[in-house]
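Take a look at the letters that make up each chain.
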Amino acid sequence: MVFHLIAISKQTDNSIGYVFSSDKLSLIKEDLKELRSCTRMAHIDNYSIHTITTDSHDYKSIIQYDSYFKDTQFTLSKEDFIKQLEAQLFPTSKEVASYIAKKFHLGTFALMKTIYYLYADYIETHKKPLFKAEFQAWDEGPVEKSVWVLKKHHISNLKNADDVRIKQIGDFNILAYIDQFVEKNGAYLESVKFSKDNPTHRLGTPWSVVRQSEVRNALITDEDILKYHYKEKIPV
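The rules we used
- Residues numbered from 1 in each chain as written.
- Predicted model: local features only at pLDDT ≥ 70, side-chain atom pairs only at ≥ 80, totals over all residues.
- Heavy atoms only, no water.
- Helix = DSSP H or I, 4+ residues; strand = E, 2+ residues; numbered from the N terminus.
- Rg over C-alpha atoms; globule rule 2.2 N^0.38 Å.
- Buried < 20%, exposed > 50% of the residue type's maximum accessible area, 1.4 Å probe, protein only.
- Contact = heavy atoms within 4.5 Å.
- Core = buried A, V, L, I, M, F, W, Y, C linked by side-chain atoms within 4.5 Å.
- Expected span 1.5 Å × (residues − 1).
- Arc of directions from axis to C-beta.

(A) Representation of the overall build of the protein in the model. Assigned secondary structure in the protein consists of ten helices and seven strands. For 236 residues, the compact-globule estimate of 2.2 N^0.38 gives 18 Å, and the protein exceeds it by more than 25% at 22 Å. Its C-alpha atoms put the protein at 75 × 35 × 35 Å along the principal axes. When each of the 236 residues of the protein is scored for burial, the buried share is 45%. Intrachain contacts of the protein at a sequence separation of at least 6 include 71% that bridge at least 24 residues.

Shown next as C-alpha coordinates:
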(Lines give C-alpha, C1' and ligand atoms only; values in the text may rest on other atoms or scores of the structure.)
Protein backbone atom coordinates (compact mmCIF):
# COMPACT_ATOMS: atom_id res chain seq x y z
CA MET A 1 0.00 0.00 0.00
CA VAL A 2 1.31 3.43 -0.99
CA PHE A 3 0.24 6.70 0.64
CA HIS A 4 -0.06 9.79 -1.54
CA LEU A 5 -0.01 13.34 -0.23
CA ILE A 6 -1.66 15.64 -2.76
CA ALA A 7 -1.77 19.44 -2.70
CA ILE A 8 -3.96 20.93 -5.40
CA SER A 9 -5.13 24.32 -6.58
CA LYS A 10 -8.01 24.83 -9.01
CA GLN A 11 -8.28 28.61 -8.81
CA THR A 12 -7.62 29.06 -12.53
CA ASP A 13 -8.55 27.16 -15.68
CA ASN A 14 -5.38 25.13 -15.21
CA SER A 15 -5.42 22.86 -12.18
CA ILE A 16 -1.98 22.42 -10.60
CA GLY A 17 -0.87 19.92 -8.01
CA TYR A 18 2.01 18.59 -5.94
CA VAL A 19 2.29 14.93 -4.99
CA PHE A 20 4.53 13.09 -2.56
CA SER A 21 4.27 9.30 -2.33
CA SER A 22 5.62 6.87 0.23
CA ASP A 23 4.80 3.54 1.80
CA LYS A 24 5.60 5.10 5.17
CA LEU A 25 2.88 7.26 6.71
CA SER A 26 5.44 9.01 8.90
CA LEU A 27 7.18 10.42 5.79
CA ILE A 28 3.85 11.66 4.46
CA LYS A 29 3.22 13.55 7.70
CA GLU A 30 6.74 14.97 7.64
CA ASP A 31 6.39 16.16 4.04
CA LEU A 32 3.01 17.76 4.78
CA LYS A 33 4.55 19.67 7.68
CA GLU A 34 7.36 20.89 5.43
CA LEU A 35 4.96 21.93 2.67
CA ARG A 36 2.81 23.93 5.06
CA SER A 37 5.86 25.61 6.50
CA CYS A 38 7.11 26.61 3.04
CA THR A 39 3.75 27.97 1.89
CA ARG A 40 3.19 29.83 5.16
CA MET A 41 6.54 31.59 4.73
CA ALA A 42 5.50 32.55 1.20
CA HIS A 43 2.08 33.83 2.41
CA ILE A 44 0.31 31.23 0.29
CA ASP A 45 -2.82 29.31 1.20
CA ASN A 46 -4.60 28.89 -2.14
CA TYR A 47 -4.50 25.08 -2.18
CA SER A 48 -6.22 22.09 -0.62
CA ILE A 49 -4.74 18.90 0.82
CA HIS A 50 -5.82 15.35 -0.03
CA THR A 51 -4.46 11.97 1.01
CA ILE A 52 -5.29 8.71 -0.73
CA THR A 53 -3.80 5.24 -0.96
CA THR A 54 -3.14 3.15 -4.05
CA ASP A 55 -1.06 0.11 -4.92
CA SER A 56 1.56 2.07 -6.89
CA HIS A 57 4.12 4.84 -6.36
CA ASP A 58 3.27 6.17 -9.81
CA TYR A 59 1.28 9.39 -9.45
CA LYS A 60 -0.83 8.29 -12.42
CA SER A 61 -2.43 5.74 -10.11
CA ILE A 62 -3.99 8.73 -8.32
CA ILE A 63 -5.87 9.69 -11.47
CA GLN A 64 -6.99 6.10 -11.98
CA TYR A 65 -8.23 6.07 -8.39
CA ASP A 66 -10.16 9.35 -8.61
CA SER A 67 -11.04 11.19 -11.85
CA TYR A 68 -11.20 14.47 -9.88
CA PHE A 69 -7.45 14.74 -10.48
CA LYS A 70 -7.44 13.86 -14.19
CA ASP A 71 -6.90 17.42 -15.50
CA THR A 72 -4.29 18.33 -12.91
CA GLN A 73 -0.74 19.13 -13.95
CA PHE A 74 1.31 17.46 -11.22
CA THR A 75 4.82 18.22 -10.07
CA LEU A 76 6.98 16.27 -7.66
CA SER A 77 8.80 19.43 -6.59
CA LYS A 78 7.54 21.59 -3.75
CA GLU A 79 9.58 24.50 -5.08
CA ASP A 80 7.93 24.31 -8.51
CA PHE A 81 4.48 23.96 -6.94
CA ILE A 82 4.99 27.06 -4.78
CA LYS A 83 6.19 29.06 -7.79
CA GLN A 84 3.04 28.06 -9.67
CA LEU A 85 0.87 29.02 -6.69
CA GLU A 86 2.57 32.41 -6.53
CA ALA A 87 1.88 32.92 -10.24
CA GLN A 88 -1.81 32.16 -9.64
CA LEU A 89 -1.92 34.81 -6.91
CA PHE A 90 -0.20 37.49 -8.99
CA PRO A 91 -2.87 40.06 -9.96
CA THR A 92 -3.64 41.12 -13.52
CA SER A 93 -4.47 44.52 -14.93
CA LYS A 94 -8.02 43.29 -15.63
CA GLU A 95 -8.51 42.33 -11.98
CA VAL A 96 -7.23 45.72 -10.83
CA ALA A 97 -9.46 47.50 -13.36
CA SER A 98 -12.49 45.42 -12.36
CA TYR A 99 -12.08 46.46 -8.73
CA ILE A 100 -11.78 50.13 -9.73
CA ALA A 101 -14.81 49.92 -12.05
CA LYS A 102 -16.93 48.47 -9.24
CA LYS A 103 -15.94 51.05 -6.64
CA PHE A 104 -15.26 54.26 -8.58
CA HIS A 105 -16.75 56.09 -11.55
CA LEU A 106 -13.85 56.80 -13.86
CA GLY A 107 -14.03 57.42 -17.56
CA THR A 108 -11.93 55.38 -19.97
CA PHE A 109 -9.14 57.96 -20.13
CA ALA A 110 -8.84 58.29 -16.35
CA LEU A 111 -9.01 54.52 -15.87
CA MET A 112 -6.14 54.00 -18.33
CA LYS A 113 -4.08 56.65 -16.55
CA THR A 114 -4.91 55.17 -13.14
CA ILE A 115 -3.87 51.65 -14.14
CA TYR A 116 -0.67 53.02 -15.61
CA TYR A 117 0.29 55.14 -12.61
CA LEU A 118 -0.51 52.37 -10.13
CA TYR A 119 1.85 50.16 -12.09
CA ALA A 120 4.56 52.74 -12.80
CA ASP A 121 4.72 54.26 -9.31
CA TYR A 122 5.01 50.83 -7.73
CA ILE A 123 7.65 49.48 -10.07
CA GLU A 124 9.71 52.64 -9.66
CA THR A 125 9.71 52.23 -5.88
CA HIS A 126 9.96 48.45 -5.55
CA LYS A 127 11.82 47.57 -8.79
CA LYS A 128 9.25 44.87 -9.57
CA PRO A 129 5.71 44.95 -10.97
CA LEU A 130 2.64 44.86 -8.72
CA PHE A 131 0.45 43.19 -11.36
CA LYS A 132 0.63 41.84 -14.89
CA ALA A 133 0.18 44.51 -17.55
CA GLU A 134 1.35 45.54 -21.00
CA PHE A 135 1.15 49.23 -21.85
CA GLN A 136 1.18 50.53 -25.40
CA ALA A 137 1.95 54.10 -26.46
CA TRP A 138 -1.37 55.19 -28.00
CA ASP A 139 -2.22 58.74 -29.06
CA GLU A 140 -3.99 59.34 -25.74
CA GLY A 141 -1.06 58.04 -23.67
CA PRO A 142 -0.12 54.68 -22.12
CA VAL A 143 -2.95 52.19 -22.67
CA GLU A 144 -3.46 48.66 -21.38
CA LYS A 145 -5.30 47.34 -24.45
CA SER A 146 -7.07 44.39 -22.81
CA VAL A 147 -8.55 46.71 -20.16
CA TRP A 148 -9.40 49.38 -22.75
CA VAL A 149 -11.40 46.88 -24.81
CA LEU A 150 -13.40 45.80 -21.76
CA LYS A 151 -14.04 49.36 -20.60
CA LYS A 152 -15.10 50.62 -24.03
CA HIS A 153 -17.08 47.66 -25.34
CA HIS A 154 -17.80 45.20 -22.52
CA ILE A 155 -18.22 47.26 -19.37
CA SER A 156 -20.64 44.76 -17.82
CA ASN A 157 -18.04 42.01 -18.24
CA LEU A 158 -15.44 44.21 -16.58
CA LYS A 159 -17.68 44.94 -13.59
CA ASN A 160 -18.81 41.34 -13.23
CA ALA A 161 -15.35 39.80 -13.53
CA ASP A 162 -13.30 38.53 -10.62
CA ASP A 163 -11.29 41.42 -9.24
CA VAL A 164 -8.09 41.87 -7.31
CA ARG A 165 -9.81 41.08 -4.01
CA ILE A 166 -9.47 37.36 -4.82
CA LYS A 167 -5.70 37.73 -4.80
CA GLN A 168 -3.17 38.34 -2.04
CA ILE A 169 0.21 39.99 -2.39
CA GLY A 170 2.16 39.09 0.73
CA ASP A 171 1.85 41.82 3.33
CA PHE A 172 1.18 44.60 0.78
CA ASN A 173 -2.32 46.10 0.98
CA ILE A 174 -3.10 46.58 -2.69
CA LEU A 175 -6.70 47.68 -2.04
CA ALA A 176 -5.60 50.57 0.18
CA TYR A 177 -2.96 51.48 -2.42
CA ILE A 178 -5.60 51.64 -5.17
CA ASP A 179 -8.18 53.47 -3.06
CA GLN A 180 -5.74 56.13 -1.88
CA PHE A 181 -4.47 56.76 -5.40
CA VAL A 182 -7.93 57.12 -6.98
CA GLU A 183 -9.29 59.27 -4.18
CA LYS A 184 -6.30 61.58 -4.44
CA ASN A 185 -5.76 61.68 -8.21
CA GLY A 186 -8.91 60.46 -9.97
CA ALA A 187 -10.44 63.91 -10.52
CA TYR A 188 -7.12 65.34 -11.70
CA LEU A 189 -6.65 62.57 -14.25
CA GLU A 190 -10.18 63.15 -15.58
CA SER A 191 -9.37 66.86 -15.96
CA VAL A 192 -6.26 66.48 -18.17
CA LYS A 193 -7.92 64.42 -20.92
CA PHE A 194 -7.83 67.24 -23.47
CA SER A 195 -5.21 69.35 -21.74
CA LYS A 196 -1.64 70.25 -22.59
CA ASP A 197 -0.96 69.47 -18.92
CA ASN A 198 -1.36 65.72 -19.53
CA PRO A 199 1.64 64.49 -17.49
CA THR A 200 2.41 61.41 -19.58
CA HIS A 201 2.82 63.66 -22.65
CA ARG A 202 5.69 65.69 -21.23
CA LEU A 203 9.01 65.62 -23.08
CA GLY A 204 11.17 62.68 -22.03
CA THR A 205 8.45 60.52 -20.47
CA PRO A 206 8.25 56.78 -21.25
CA TRP A 207 5.32 57.48 -23.61
CA SER A 208 7.08 60.27 -25.49
CA VAL A 209 10.29 58.26 -25.85
CA VAL A 210 8.48 55.19 -27.19
CA ARG A 211 6.38 57.32 -29.56
CA GLN A 212 9.57 58.19 -31.41
CA SER A 213 9.57 54.62 -32.71
CA GLU A 214 8.17 53.96 -36.15
CA VAL A 215 6.06 51.14 -34.69
CA ARG A 216 2.49 52.25 -34.09
CA ASN A 217 1.28 51.73 -30.51
CA ALA A 218 4.67 50.35 -29.50
CA LEU A 219 5.11 48.65 -26.15
CA ILE A 220 6.25 50.70 -23.13
CA THR A 221 8.63 48.39 -21.30
CA ASP A 222 9.40 48.19 -17.60
CA GLU A 223 12.87 49.47 -18.44
CA ASP A 224 11.33 52.56 -20.08
CA ILE A 225 9.27 53.22 -16.97
CA LEU A 226 12.19 52.73 -14.58
CA LYS A 227 14.33 55.09 -16.64
CA TYR A 228 11.88 57.89 -17.43
CA HIS A 229 8.91 57.74 -15.06
CA TYR A 230 10.28 60.58 -12.93
CA LYS A 231 9.43 62.94 -15.81
CA GLU A 232 5.69 62.25 -15.64
CA LYS A 233 4.93 62.52 -11.92
CA ILE A 234 1.48 63.82 -10.99
CA PRO A 235 1.61 67.28 -9.40
CA VAL A 236 1.31 67.14 -5.63
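Now that the structure is up, let's keep going.
(B) Spotlight on the nonpolar core. In terms of nonpolar packing, the biggest core is built from 40 residues, with Val-96, Ile-100, Leu-111, Ile-115, Leu-118 and Ile-178 touching the most fellow members. Among the elements of the structure, helix 4 (93-103), helix 5 (108-126), strand 5 (135-138), helix 6 (145-153), helix 8 (174-191) and helix 9 (206-210) are those that each provide at least two residues to this core. No other element matches helix 5, which puts eleven residues into this core. Grouped together as the second largest cluster of nonpolar side chains are ten residues, Ala-7, Ile-44, Tyr-47 and Phe-81 included.

(C) Looking closely at the environment of His-43. Topologically, His-43 is positioned in the loop between helix 1 (25-41) and strand 3 (48-54). C-alpha separation for the pair His-43 and Glu-86, spaced 43 residues apart in sequence, amounts to 9.1 Å.

(D) Quick peek at helix 1. Given a rise of 1.5 Å per residue, 17 residues ought to cover 24 Å, and the 25 Å separating the end C-alpha atoms of helix 1 matches this to within 8%. Taken residue by residue, helix 1 has Ile-28, Asp-31, Leu-32, Leu-35 and Thr-39 as its buried positions. Seen along its axis, helix 1 keeps its buried residues to an arc of 105°; they face one direction. Facing away from the buried side of helix 1, by more than 90 degrees, are the exposed residues Lys-29, Glu-30, Lys-33, Arg-40 and Met-41. Summarising the contacts, the buried residues of helix 1 are in contact with strand 1 (2-9), strand 2 (15-22), strand 3 and helix 3 (78-89). His-43 occupies a position one or two residues after helix 1 and carries a positive phi of about 60°.

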